[in-house]
Amino acid sequence: MPEAELEFRDVSIRFGKTIAAENLRLEVSKGEFIAVLGPSGSGKSTLLRMLGGQMVPDSGDIRIGGESIVGCAPNQIDCATVFQDFALFPHMNVRQNVEFGLKMRGWSREDRQARAMEVLGLVDMDAFAERPIVALSGGEKQRVATARALAIRPRVLLMDEPLSALDRLIRLRVQREISNLLHELDVTTIYVTHDQREALTMADRVAVLHRGRLEQIAPPLDLISRPATSFVADFLGGSGNLFTGKVAGQADEDGMVPVETGLGRILARKGVGATANGQQVSVLVRPEDFSLEPVAGDYRVDDVAFTGEVAEISVGGPAGNFTVKQLGISRLSTGDQVGLGVPDGAAVLITEGEQ
Amino acid sequence: MMPRQRGERIGDRLLLTMLVAALFFSLAPLLVLAVFSVNDFPYYSLPLKGFTLDWYDQLFKDEQIASGLTNSLEIGILVAVVASVLGTAFGIGGAMVTRRWGKVVFAAGLLPLVTPALVLAIGSQILFVESGIPLSKLTVVIAQATAFTPFVVLMVTARLGNFQWSLLHAARDLGAGPFRAFQVAMLPVIRPGIISGFLLAFLMSFNDFILGFFTGRGFFTLPSLIYSMQRVGISPMLLAYATVIAVLTLILALTARRVLVSIAQRRGGNVA
Ligand SMILES: Nc1ncnc2c1ncn2[C@@H]1O[C@H](COP(=O)(O)OP(=O)(O)OP(=O)(O)O)[C@@H](O)[C@H]1O
Ligand SMILES: [Mg+2]
């Protein structure tokens, strides 16, 4: 087993009463793109700052390429950061910004210039090399900041919400560009965001942080289909479709577990943890996985909202309120009585408290 | 273009009138000085007798004035250097303070700004005398630097009002040591503030009479020399002196402004 490229070993840090990292344990292999996802204040930026050497953990160890970086000055750590506000030096032009890290490493003028033009080419900004920073748009600044970080060939690239300053359409385009480029270059990347779509579309694995704790780290699909905790389920799954139930039997060979719930007996997929017969569990059903039968049933349609491609339908009944999504235009309208069902395998069990 | 409103035009005219009045009242005394400084007669009376540059000639040949000038320049430059170094350090420190008690302490440090010069002067004198420090040029420098540093602090903190602190982190992140990071990320932003602070401290030292009078012994600065000379009557030579100083100050202020603007333009920033 090769040494992990980047490793957090039980890293904790707190500010007064605020816990910004609690026993973080994380291994990242070379070339991996990790998205760190979590609500505001969950410790995402703190994680990056510890990696960049701006902050020192209270306990635990952080290793890059097997060597501890705890206590090293920021300029001694082989990371480069793309900051949320880009932090481009305003009194330098684009090329000088990109050359700065190389200059600090003692590169000659010609080598610097060649390398700067090379990375600017990677982000399609070579034509802007002599532009002053003030004359750049947000998207262009973002590219220059990425190029500046890549220029020094860092072992680990750190990005702190690098797209949050851009508007939606540009953001969607740049997301794809960045993730393609970084995968192509095989750069190990830690990418902080609080936009779940961004995390899920860009990353190889997504780490979900909550109050300084790592709730789960998994590939995007696993995260959606098997959230480890109800926080993850709630954070990723949208609202209202987490409910409780009781395990009513053993898992079969396919990993399906019978569960007794307010919506009747359903067959749910086994979650991340183990389950025992009779155990109280949470059950997650994604809004698009419910089946709605347009027959007079126990559930009443409270609202139908059409949001572009899907209809979002709120229903209420004996087991509570749920959100259901249907592709296309729904024929249902407020006040209709419908039947609500959970197809086999549409639900997933969430057994918390492991670790 | 929008048609201009009548009320607006009246407002403009009022503003212009006030501006002209203000200029007149602040420049009138200087004009009077300038006019009498070239009058060929040792007393002030109209009509003017004739044009002469004799008073200027006397001024530039006067040895006392020359030594006063040397002292004033020496002290002024020292004070400006000390005040801009300290003021820059305090300004940066102050901008970094986020806690409330820290802000209070910082504000207390700016008190010399609003303390009457006479109070500062007497206070400094008592301090020096009571602690056995002989009054000299050095004590003047110390007293003036204390009094004028806050002006530099203000100039520097104004530049740091919306400073992007991430620039410092970015520089460190890319491999710069702490000093290099400051030089690259912060210095260009605060440089205009430091320069104007330096010039301001120099001008205030150069024109200071009160602090120099109370905390210096055994030498004259230009202002204290003038003060002692005018006790035996104001010679037109002093008017020539005042005119020269006024013109020099004006030139300095204008060039300082131009230097700042050009620095800002080269850096792609703004002067505000
Ligand atoms: N230097 C500091 N001093 C005191 N508290 C801090 C400091 N840095 C972070 N914190 C606190 O630690 C917690 C985590 O902060 P962090 O900036 O890592 O959150 P985040 O996940 O990046 O949030 P956001 O999405 O808003 O950027 C917050 O409660 C924050 O107030
Ligand atoms: Mg953050």
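Residues numbered from 1 in each chain as written. Chains lettered and ligands numbered in written order. Predicted model: local features only at pLDDT ≥ 70, side-chain atom pairs only at ≥ 80, totals over all residues. Heavy atoms only, no water.

What follows deals with the site of ligand 1. All names here are of chain A. Taken together, 15 residues lie near ligand 1, and Ser 40, Gly 41, Lys 44, Ser 45 and Thr 46 sit nearest. At a separation of 2.5 Å, an oxygen atom of ligand 1 approaches a polar side-chain atom of Ser 40. Here an oxygen atom of ligand 1 and a backbone polar atom of Ser 42 are 3.2 Å apart. Look at ligand 1: alone it shows 640 Å² of surface, and the protein chains cover 63% of it. Contributions of two or more residues to the shell around ligand 1 are made by strand S2 (18–28) and helix H1 (44–52). For the shell around ligand 1, the element with the highest residue contribution is H1, accounting for 4 residues. (Near = heavy atom within 4 Å. Polar contact = N/O pair within 3.5 Å; in protein donor to acceptor, adjacent residues only side chain to side chain. Areas by Shrake-Rupley, 256 points an atom, 1.4 Å probe, with all protein chains shown as cover. Helix = DSSP H or I, 4+ residues; strand = E, 2+ residues; numbered from the N terminus.)

Within a sheet, each strand pairs with its neighbour through backbone hydrogen bonds, oriented either parallel or antiparallel. Residues and elements named next belong to chain A. Reading across from one edge, S6-S7-S8-S3-S9-S10 is the order of the 6 strands in this open sheet, with mixed pairing throughout. Every interior strand has two partners, whereas the edge strands, strand S6 (79–82) and strand S10 (213–218), have only one. Put simply, the sheet's adjacent strands are angled 20° from each other on average, direction ignored. Bridging between strand S9 (residues 205–210) and S10 involves 5 bridges; their strand directions are antiparallel. In the sheet register, Leu 209 faces S10, and the bridge partner there is Leu 214. (Pairing = 2+ DSSP bridges. Axes fitted to C-alpha atoms, helices over the stretch in contact; angles between N-to-C directions.)

Below, the discussion takes up the packing of aromatic side chains. What the rule picks out here adds up to 14 aromatic pairs over all chains. Ring geometry for A:Phe243 versus A:Phe322: centroids 5.5 Å apart, planes at 85°, classification edge-to-face. Here A:Phe243, found in strand S11 (residues 242–247), pairs with A:Phe322, found in strand S18 (residues 320–327); they are 79 residues apart in sequence, far enough to count as distant. For the pair A:Phe243 and A:Phe322, a shared accessibility class is recorded, and that class is buried. Arranged with centres 5.1 Å apart and planes meeting at 35°, the rings of B:Phe209 and B:Phe213 form a pair that is tilted. (Phe/Tyr/Trp six-rings, centres within 6.5 Å; stacked < 30°, edge-to-face > 60°. Buried < 20%, exposed > 50% of the residue type's maximum accessible area, 1.4 Å probe, protein only.)

Attention shifts here to the environment of A:Ala149. Residues and elements named next belong to chain A. With respect to the helices and strands, Ala 149 occurs in helix H4 (residues 138–151). Residue Ala 149 is classed as buried on the basis of its relative accessible area, which comes to 2%. Through-space distance from the C-alpha of Ala 149 to that of Gly 16 is 32 Å; in sequence the pair is 133 residues apart. For Ala 149, the contacting residues outside a window of four places in its chain are Ala 80, Thr 81, Val 82, Pro 154 and Leu 157. (Contact = heavy atoms within 4.5 Å.)

Once that is clear, we can look at the environment of A:Leu185. Residue and element names in this part refer to chain A. Tracing the backbone through its elements, the reader meets Leu 185 in helix H5 (residues 168–185). On the accessibility criterion, Leu 185 (34% relative accessible area) is partly exposed. The spatial distance from the C-alpha of Leu 185 to the C-alpha of Glu 215 is 29 Å, given a sequence separation of 30 residues. For Leu 185, the residues in contact, after removing those within four places along its chain, are Leu 122 and Leu 150.

Before going further, it helps to spend a moment on the sheet that holds strand S14 (residues 280–285) of chain A. All names here are of chain A. Spatially, 5 strands are ordered S11-S12-S13-S20-S14 in a closed barrel, and the strand pairing comes out mixed. Shown here is a sheet whose adjacent strand axes are inclined to one another by a mean of 55°, direction ignored. Bridge count for strand S12 (residues 256–261) against strand S13 (residues 264–269) is 6 bridges, and the pairing is antiparallel. Directly across from Val 259, in S13, lies its bridge partner Ile 266.

Attention shifts here to helix H6 (residues 137–160) of chain B. Residues and elements named next belong to chain B. Between its first and last C-alpha, H6 extends 34 Å over 24 residues, near the 34 Å set by a 1.5 Å rise per residue. Along its length, H6 reaches its greatest deviation from straightness, about 35°, at Thr 146, and the proline Pro 150 lies no more than four positions downstream. Capping of H6 at its N-terminal end is provided by Ser 136; its side-chain oxygen lies 3.2 Å from the backbone amide nitrogen of Leu 138. (Expected span 1.5 Å × (residues − 1). Bend = angle between axes of the 7 residues up to and from the residue.)

What follows deals with the pattern of salt bridges. Residues and elements named next belong to chain A. Applying the stated criterion across every chain, the model contains 16 salt bridges over all chains. A salt bridge links Glu 99 to Arg 112, with the nearest nitrogen and oxygen atoms 3.2 Å apart. With Glu 99 in helix H2 (residues 94–104) and Arg 112 in helix H3 (residues 109–122), this residue pair connects regions lying 13 residues apart in the sequence. Accessibility expressed as a relative area gives 7% for Glu 99, which makes it buried. Glu 260 serves as the salt-bridge partner of Arg 265, at 3.4 Å between the closest nitrogen and oxygen. (Salt bridge = Lys/Arg side-chain N within 4 Å of Asp/Glu carboxyl O.)

Residue and element names in this part refer to chain A. Domain boundaries assigned for chain A yield domain 1 (4–225) and domain 2 (230–350). Computed over C-alpha atoms, the centres of domain 1 and domain 2 are 37 Å apart. On the side of domain 2, 9 residues touch domain 1, which itself brings 13 residues to the contact. Of the roughly 950 Å² buried where domain 1 meets domain 2, counting both sides, 70% is carbon and sulfur surface. Contact with domain 2 buries area across many residues of domain 1, yet Gln 196, Ile 224 and Ser 225 alone supply 43% of it, more than any other trio. Counting the contacts that link domain 1 with domain 2 gives 0 salt bridges. At the junction of domain 1 and domain 2, the tally comes to 1 residue pair in polar contact (both at pLDDT 80 or more). Only helix H6 (196–202), S9, S10 and helix H7 (220–225) provide two or more residues apiece to the side of domain 1 that touches domain 2. Each residue belonging to the side of domain 1 that touches domain 2 can be placed in one class, and the counts come to 7 nonpolar, 5 polar and 1 charged. (Domains from an automatic or database assignment. Buried area = accessible area lost by both parts, 1.4 Å probe. Nonpolar A, V, L, I, M, F, W, Y, C, P; charged D, E, K, R; others polar.)

Attention shifts here to unusual backbone geometry. Residues and elements named next belong to chain A. Positive phi outside glycine occurs at Asn 23, with the angle close to 45°. Inspection of the secondary structure assignment puts Asn 23 in strand S2. Residue classification places Asn 23 among the partly exposed positions, given a relative accessible area of 45%. In this structure, Ala 87 takes a positive phi of about 50° despite not being glycine. With respect to the helices, strands and loops of the structure, Ala 87 is situated in the loop between S6 and H2.

Contact with chain A, which involves 23 residues of that partner, is made by 18 residues of chain B. Both sides together, the interface formed by chain A and chain B hides about 1,800 Å², and carbon and sulfur atoms give 61% of it. Ranking the residues of chain A by area buried against chain B places A:Asn75, A:His91 and A:Met104 at the top, with a combined share of 30%. Counting every contact that joins chain A to chain B gives 0 salt bridges. Our count for the chain A to chain B interface comes out at 7 residue pairs in polar contact (both at pLDDT 80 or more). Secondary structure elements with two or more residues in the side of chain A that touches chain B: S6 and H2 of chain A.

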